[in-house]
Amino acid sequence: TAITVGTGKGAEHGVLLRNAEALERAHKVDLVVLDKTGTLTRGSLAVTDVYTQGFGDDALLGLAASAEQSSEHHLGTAIVEASRQRGLEIQPSCNFAATPGAGITARVDGRDVTLGNPKLMALHGVSLNGMEAVAQRFSTQAKTPMFVAVDGQVRGVIAVADSIRPESVEAIHRLCSLGAKLAMLTGDDRTTAQAIAEQVGIDCVVADVLPSEKAEWVKSIQSVGNTVAMVGDGVNDAPVLAQADIGIAISTGADVAIEAADITLIGGDLRGISTAIALSRATMRTIRQN
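Parameters and conventions
Residues numbered from 1 in each chain as written. Predicted model: local features only at pLDDT ≥ 70, side-chain atom pairs only at ≥ 80, totals over all residues. Heavy atoms only, no water. Helix = DSSP H or I, 4+ residues; strand = E, 2+ residues; numbered from the N terminus. Rg over C-alpha atoms; globule rule 2.2 N^0.38 Å. Buried < 20%, exposed > 50% of the residue type's maximum accessible area, 1.4 Å probe, protein only. Polar contact = N/O pair within 3.5 Å; in protein donor to acceptor, adjacent residues only side chain to side chain. Contact = heavy atoms within 4.5 Å. Arc of directions from axis to C-beta. Pairing = 2+ DSSP bridges. Axes fitted to C-alpha atoms, helices over the stretch in contact; angles between N-to-C directions. Salt bridge = Lys/Arg side-chain N within 4 Å of Asp/Glu carboxyl O. Core = buried A, V, L, I, M, F, W, Y, C linked by side-chain atoms within 4.5 Å.

Colleague: Outline the overall build of the protein, supporting the account with residue identities and numerical values.
Modeller: When you go through the protein residue by residue, the secondary structure sums to 13 helices and 13 strands. Relative to the 2.2 N^0.38 estimate, which gives 19 Å for 290 residues, the radius of gyration of the protein is 21 Å and therefore close to what a compact globule would have. Expressed as lengths along the three principal axes of its C-alpha atoms, the size of the protein is roughly 75 × 30 × 30 Å. Among the 290 residues that make up the protein, the fraction classed as buried is 53%.

Colleague: I'd like a rundown of the side chain of Lys214, residues and numbers included.
Modeller: Structurally, Lys214 is set in helix α10 (residues 211–222). Side chain to side chain, Lys214 and Asp35 meet in a polar contact 3.4 Å long. Within the local environment of Lys214, its side chain forms a polar contact with the side chain of Asp237, the two groups lying 3.5 Å apart. Aside from chain neighbours lying at most four places away, what touches Lys214 is Asp35, Leu185, Thr186, Gly187, Val209, Asp237 and Val240.

Colleague: Tell me about helix α7 (residues 132–140), residues and numbers included.
Modeller: An α-helical turn contains 3.6 residues, so any two residues separated by three or four positions project in the same direction. Turning to α7, its buried residues number three or more, namely Val134, Ala135, Phe138 and Ser139. Take α7 and look down its axis: the buried residues cluster within an arc of 140°, on one side only. Close packing links the buried residues of α7 with β3 (46–52), β7 (143–150), β8 (153–161) and α9 (190–200). In the segment just after α7, Ala142 is the residue with positive phi, at about 65°.

Colleague: How would you sum up the sheet that holds β7? Please name residues and give values.
Modeller: The sheet built from six strands is open, its strands ordered β3-β8-β7-β6-β5-β4 with antiparallel pairing. Every interior strand has two partners, whereas the edge strands, β3 and β4 (93–99), have only one. The mean inter-strand angle of the sheet, taken between neighbouring strand axes irrespective of direction, is 20°. Sheet analysis places β7 next to β8, joined by eight bridges and oriented antiparallel.

Colleague: Would you mind going over the pattern of salt bridges in detail, with residue names and values included?
Modeller: Under the criterion given, the structure shown has twelve salt bridges. Between Lys214 and Asp35 there is a salt bridge, with the nearest N and O atoms lying 3.4 Å from each other. Of this pair, Lys214 sits in helix α10 while Asp35 sits in the loop between β2 (31–34) and α3 (36–40), and the two are 179 residues apart along the sequence. Across the pair, exposure class does not vary: Lys214 and Asp35 are buried alike. A salt bridge links Arg107 to Asp112; the nearest nitrogen and oxygen atoms lie 2.8 Å apart. Of the residues examined, Asp112 reaches a relative accessible area of 38% and is grouped as partly exposed. Residues participating in the shared-partner salt-bridge network are Glu170, Arg174, Asp269 and Arg271.

Colleague: Describe the environment of Arg25, and please don't skip the residues or the numbers.
Modeller: Here Arg25 shows up in helix α2 (residues 20–25). By relative accessible area, which is 31% here, Arg25 ends up partly exposed. Each C-alpha atom, one on Arg25 and one on Leu178, is 16 Å from the other, the two residues being 153 residues apart in sequence. In contact with Arg25, other than residues within four places in its own chain, are Asp245, Ile246, Asp262 and Ser280. Only 3.3 Å separates the side chain of Arg25 from the side chain of Asp262, close enough to count as a polar contact.

Colleague: Account for the nonpolar core, with residues named and values stated.
Modeller: Residues Val32, Leu34, Ile263 and Ile273 are the most contacted members of the largest nonpolar core, which totals 36 residues. Here this core gets five residues from one element, more than from any other, and that element is α9. Leave out the neighbours within four places in its chain, and Leu34 touches Leu40, Ile172, Leu182, Ala183, Met184, Leu185, Ile202, Met230, Val231 and Ile273. By size, the runner-up hydrophobic cluster in this structure holds 26 residues, among which are Val50, Ile79, Ala82 and Val160.

Colleague: I'd like to hear about helix α1 (residues 2–12), residue by residue, with values.
Modeller: Listed in full, the buried residues belonging to α1 are Ala2, Gly6 and Gly10. Buried residues in α1, looked at end-on, bunch into an arc of 75°, giving them a common side. Along α1, exposed side chains directed more than 90 degrees from the buried face belong to Thr4 and Glu12. The inward-facing, buried residues of α1 abut β1 (15–17), α2 and α13 (271–289). Backbone geometry just after α1 places Gly14 at a positive phi near 80°.

Structural data, given as structure tokens:
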């Protein structure tokens, strides 16, 4: 009866529990790990800056958008949208290839376009042409910088930024008041991730993590005795949500993430995380008293 009531109360507060086991396990959580893009932030990315060397801003952005038009990543969508807003032509592309956690390559109008982070540039043997300082400046402003190389030469940096969810700071404060430890797990570079973490109040930041490495990181934390709740929204988060003791998905995220999770937050309100943990504790207390 207590579990039935607890599950119903969760639904009333926008917290959907997949089963009774999820409600029973949540009270044991001592570490809450949060993804950044689409979880702590809105996930509605927008291009904020285009820095070029030997290339016009519009020309570089147009090439980048043409290369990214086949991408399903938030960053690629932001670049394509920025190009359309400027009225730039998006040309046909071919030989599109995505490297998870790094970026993409494609051939546009007879030119090879490589767009991504320093890992991708190193993978293709492309020099950053001294633009590291520009990318670092964007990162300290909580923007995600992407190097754009044309025919093996970096020609510029495109910066994309996201806005923090309005309830993120309060959600983090509530979790701290419950005594939970917090960590941010993201594929973004450390400087950008640290800037976002400082704004919401998270001290532990694990950055530059490939999607395939997230589940392994959580597994290593579990091996030392932590009970982990993972909060995410994207396709890439599904494996780590399944690995965590409690997987928590944002309802506005990908269907596969929701399918892999034990708990879904309706409307994406992160305050539902603390509601779920508090509800589990209250339910277990009632069961013991009964």
